[in-house]
Amino acid sequence: MIFAINEINRNPEMLPNVKLGYKIYDNCGTMDILRAALALVSGQNPEVSDVECTKSDAVQAILGHSGSAPTIAFAQIVGRFHIPVISHFATCACLSNRKKYPTFFRTIPSDYYQSRALAKLVKHFGWTWIGAIAVQNKYGLNGMADFIQTAQENGLCIEYSVEFSSSGPADRLQRIIEIIKQATSKVIIAFMSHQEIKVLAAALYKQNITGLQWVGSDAWITDHSLTDTEGHSILLGSLGFAVSRAQIPGLEDQFVRDFWEDVFDCSLNSTAEMQRKPCSGYESLQNVESQFTDVSELRFTYNVYKSVYAVAYALHDLLTCDEGKGPFTNRKCADRKHIQPWQVLQYLNMVNFTTEEGDRVYFDNNGDSTARYELVNLQMMNREIMEGVTVGIYDDSLSESHQFLINNISVVWGSGLTEVPVSVCSKSCPPGTHKVLQTGKPVCCYDCVSCPPGQISNLT
């Protein structure tokens, strides 16, 4: 975020004679996040100040939060003050409700699109008999509900659908383990966060439950901490959709500089007044292991970058408005000296720009951005680290026949299988037989009964 703001402030073609300021709250827990949001709304914040800023302490937009649950908690309150909220990671489809969240936007696709994409993925591989597990919150329950609806519309069947929380009672998790052990489906949709999938994987590993193909949601499928989990090998071969990767020009140089100075407590700037000693050039990262030096896989970070630019373009359009061509009553423009958040909100609804990476950024009537995902496959890479390898893409903006594309890259399947796993309730009926649905079972479950004499069946 800071990188994007500094980049905008250095750009002479954006926001002429105006500099963007910011406040950053590093809070965890819904109540702390609510307090931070209310502090921003009220403009009262004794802990952070900028001596060069002479304007009001009130904000024009709030970026965040990353989680759906805390975003749901504060976005409705902030919305009453007409302050825009832009999230880079809150994906709950419920946030698309403009009546409840009139000022909410996001630079990450809604789970509505992810759920549909996951159902199409399952259908693509011929998996018609599915287990479903969700985290017990709105992210998991809403996402799973959308998935099940789309799956059933596509002729797929759900053997079981259960939910749990990593902070819930242990006996609930154990009941889910028993359900998995007794189930006949071999493919499991896991719509949950990285906390829940790690707890679940560890429990399955301890009981030596294998032979499963996992399909995961974006909240865990590319999480780097999975490798640190006991039993992470159970998740090897998982498939799932992740936000598309991107590069942010210049970020790597800035990030490595800051990282280097922090790790070795020295300064790379020989001309500045330094509190640290100058770096010698002989420092070595050979014994320093950190995933933070890798800025080649910017997924959610890139969404933050786009969020900052969305606000900047909205402000730029507001400040450069030609009198008589404005969006307000009588085609008036905003008062440049007294900008109101509701005016920024109006311009955010009209934002439409293209990043240096070539990504077009705009919001629909619900504040949602376009849905484009990478299909990733968890594979074991160098140093026994499990990483997500891109094996396909999904683009909801394309026609249905072109939305899903698999690359010519070898997919690693669950449990080390070399071929696509099979997960069906009943196998296709051989010639001379026909389907008879099993009483009380979904349509995917049937018996193959011999055809009556003189009759044939054209269904398998």
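You'll find the structure just up there.
Description of the structure in this document. (Residues numbered from 1 in each chain as written. Predicted model: local features only at pLDDT ≥ 70, side-chain atom pairs only at ≥ 80, totals over all residues. Heavy atoms only, no water.)

### Looking at the sheet that holds strand β1 (residues 62-63)
Formally: When DSSP locates at least two bridges between a pair of strands, those strands are taken to pair. Counting from the N terminus, the helices are the DSSP runs of H or I reaching at least four residues and the strands are the DSSP runs of E reaching at least two.
Taken together, the three strands give an open sheet; going across it, the order is β1-β2-β3, and neighbouring strands pair in parallel fashion. Both outer strands of the open sheet, β1 and β3 (104-106), are each paired with one neighbouring strand and no more. Relative to β3, strand β2 (residues 85-87) runs parallel, the two sharing three bridges. Note that in β3 the partner of Ser87 across the bridge is Arg106.

### Quick notes on the environment of Asn408
Topologically, Asn408 is positioned in the loop between β15 (404-406) and β16 (433-437). Separated by 286 residues in the primary sequence, Asn408 and Val122 have C-alpha atoms spaced 19 Å apart.

### Quick word on the packing of aromatic side chains
What counts here: Whether two aromatic rings pair depends on their centres lying within 6.5 Å, for rings of Phe, Tyr and Trp, where Trp uses its six-membered ring; planes under 30 degrees apart make the pair stacked, over 60 edge-to-face, and the rest tilted. Each residue's exposure class comes from its accessible area (1.4 Å probe, protein chains only) as a fraction of the maximum for that residue type: buried when under 20%, exposed when over 50%, partly exposed otherwise. By definition here, charges over rings are those cases where NZ of Lys or CZ of Arg is within 6 Å of the ring centre and within 35 degrees of the ring normal.
Here the structure, examined in full by the defined rule, presents 18 aromatic pairs. Ring centres 4.4 Å apart and planes at 20° place the aromatic pair Tyr313 and Phe353 in the stacked group. Linking Tyr313 in helix α9 (residues 300-319) with Phe353 in strand β11 (residues 352-354), this pair joins segments that are 40 residues apart in sequence. Given a relative accessible area of 26%, Tyr313 falls into the partly exposed group. Given a relative accessible area of 6%, Phe353 falls into the buried group. Through a chain of ring-to-ring contacts, three or more aromatic side chains come together here, namely Tyr302, Tyr305, Tyr309, Tyr313 and Phe353. We note Arg98 situated over the ring of Phe105; from NZ or CZ to the ring centre the distance is 4.9 Å. One cation-aromatic arrangement involves Lys435 over Tyr446; the distance from NZ or CZ to the ring centre is 4.7 Å.

### Some points on the packing of helix α6 (residues 170-182) against helix α7 (residues 194-206)
Basically, it comes down to this: What counts as an axis is a line fitted to C-alpha atoms, over the stretch in contact for a helix, and the angles between N-to-C directions run from 0 to 180 degrees. Under this scheme an angle from 65 to 115 degrees is roughly perpendicular, one under 35 degrees roughly parallel, and one over 145 degrees roughly antiparallel; angles in between are oblique. Left-handed describes a crossing whose near helix is turned anticlockwise from the far helix by less than a right angle; the clockwise case is right-handed. When checking whether two residues touch, look at their non-hydrogen atoms; a contact exists if any pair is within 4.5 Å.
Direction vectors running N to C along α6 and α7 enclose 60°, while the axes themselves pass 11 Å from each other. Accordingly, the angle class assigned to the pair α6 and α7 is oblique. In terms of crossing hand, the pair formed by α6 and α7 is right-handed. Facing α6, whose interface residues are Leu173, Ile177 and Ile180, α7 presents Val199, Leu200, Ala203 and Leu204.

### Observations concerning the pairing of strand β14 (residues 386-395)
Most of β14 is tucked away: eight of the ten residues are buried. Taken together, the nine bridges between strand β13 (residues 372-380) and β14 define a ladder with antiparallel strand orientation. Residue pairing in the sheet places Glu374 in a bridge with Ile393 of β14. Bridge count for β14 against β15 is three bridges, and the pairing is antiparallel. Bridging from a neighbouring strand, Tyr394 pairs with Phe404 of β15.

### Comments concerning the sheet that holds strand β5 (residues 157-164)
Taken together, eight strands build an open sheet; the order of strands is β5-β4-β6-β7-β8-β13-β14-β15 and the sheet is mixed. Both outer strands of the open sheet, β5 and β15, are each paired with one neighbouring strand and no more. Strand-to-strand, the axes of this sheet are offset by a mean angle of 30°, without reference to chain direction. Packing of α6 onto the sheet brings it into contact with β4 (129-135), β5 and β6 (187-191), and relative to β5 it is tilted by some 165°.

### Regarding the nonpolar core
Worth spelling out the cut-off: In this description, a nonpolar core means a group of buried Ala, Val, Leu, Ile, Met, Phe, Trp, Tyr and Cys residues linked to one another through side-chain atoms lying within 4.5 Å.
Membership of the largest hydrophobic core comes to 62 residues, with the highest contact counts inside it found for Ile133, Phe147, Ile180, Leu200, Trp214 and Trp220. With six residues, the single largest contributor to this core is helix α4 (residues 111-124). Residues in contact with Trp214, not counting those within four places in the same chain, are Ile188, Ala190, Ile197, Leu200, Leu204, Trp220, Ile234, Leu235, Ser238 and Leu239. Of all hydrophobic cores here, the second largest spans 37 residues; its members include Ile5, Leu251, Leu348 and Phe353.

### Thoughts on the pairing of strand β7 (residues 213-216)
To keep it simple, the criterion reads: When the strands point away from the viewer, a crossover counts as right-handed if the path from the first strand over the helix to the second runs clockwise.
Because side chains alternate across β7, one face comprises the buried residues Gln213 and Val215, and the other comprises Trp214 and Gly216, equally buried. Sheet analysis places β6 next to β7, joined by four bridges and oriented parallel. When the bridges of β7 are listed, Ala190 appears paired with Gly216. In this fold, β6 hands off to α7, which returns the chain to β7; that crossover is right-handed.

### What to know about the environment of Gln343
Within the secondary structure, Gln343 is located in helix α10 (residues 341-348). When the C-alpha atoms of Gln343 and Pro84 are compared, they prove to be 9.8 Å apart, with 259 residues separating the residues in sequence. Look past the residues within four positions of Gln343 in its chain and what remains in contact with it is Leu318, Phe328, Ala334, Asp335 and His338.

### Quick look at the side chain of Glu261
Worth spelling out the cut-off: None of His or the chain ends enter the tally, which takes Lys and Arg as positive and Asp and Glu as negative. Any carboxyl oxygen of Asp or Glu that lies within 4 Å of a side-chain nitrogen of Lys or Arg is treated as forming a salt bridge with it.
Position of Glu261 relative to the elements: it lies in helix α8 (residues 251-264). In this structure Glu261 is buried but unpaired, with Arg276 as the nearest side chain of opposite charge at 4.4 Å. Dropping the residues within four chain positions of it, Glu261 is found in contact with Cys266, Ser267, Leu268, Asn269 and Arg276.

### So, the packing of α9 against α10
Each pair of packed helices can be summarised by the angle the axes make with each other and by the distance between the axes. To be explicit about the condition: Classes in brief: Ala, Val, Leu, Ile, Met, Phe, Trp, Tyr, Cys and Pro nonpolar; Asp, Glu, Lys and Arg charged; the others, Gly included, polar.
Orientation of α9 relative to α10, taken along the N-to-C sense of each, is 105°, at an axis distance of 9 Å. Considering the angle they form, α9 stands roughly perpendicular to α10. Within the contact between the two elements, α9 uses Ala310, Val311, Ala314, Leu315, Asp317 and Leu318 and α10 uses Gln343, Val344, Tyr347 and Leu348. The class makeup of the residues in the contact of α9 with α10 is eight nonpolar, one polar and one charged.

### Focus: helix α5 (residues 138-153)
Our working definition: To estimate the expected span of a helix, count its residues, drop one, and scale the result by 1.5 Å.
For α5, which comprises 16 residues, the first-to-last C-alpha distance of 22 Å matches the rise-based estimate of 22 Å (1.5 Å per residue) to within 8%. Tyr139, Gly140, Gly143, Met144, Asp146, Phe147, Ile148, Thr150 and Ala151 are the residues of α5 that are buried. Buried residues in α5 make contact with α3 (68-79), α4, β4, β5 and β6. Taken from the residues just after α5, Gly155 is the one with a positive phi, measuring 80°.

### What to know about the pattern of salt bridges
What the rule picks out here adds up to eight salt bridges. As a salt-bridge pair, Arg172 and Glu163 come within 3.2 Å of each other at their nearest N and O atoms. Of the charged contacts in the structure, one is a salt bridge between Asp262 and Arg276, with a shortest N-O distance of 4.0 Å. You can see Asp262 sitting in helix α8 and its partner Arg276 sitting in the loop between β9 (266-267) and β10 (277-278), a full 14 residues away along the chain. Sharing partners across several salt bridges, the network here consists of Asp262, Asp265 and Arg276.

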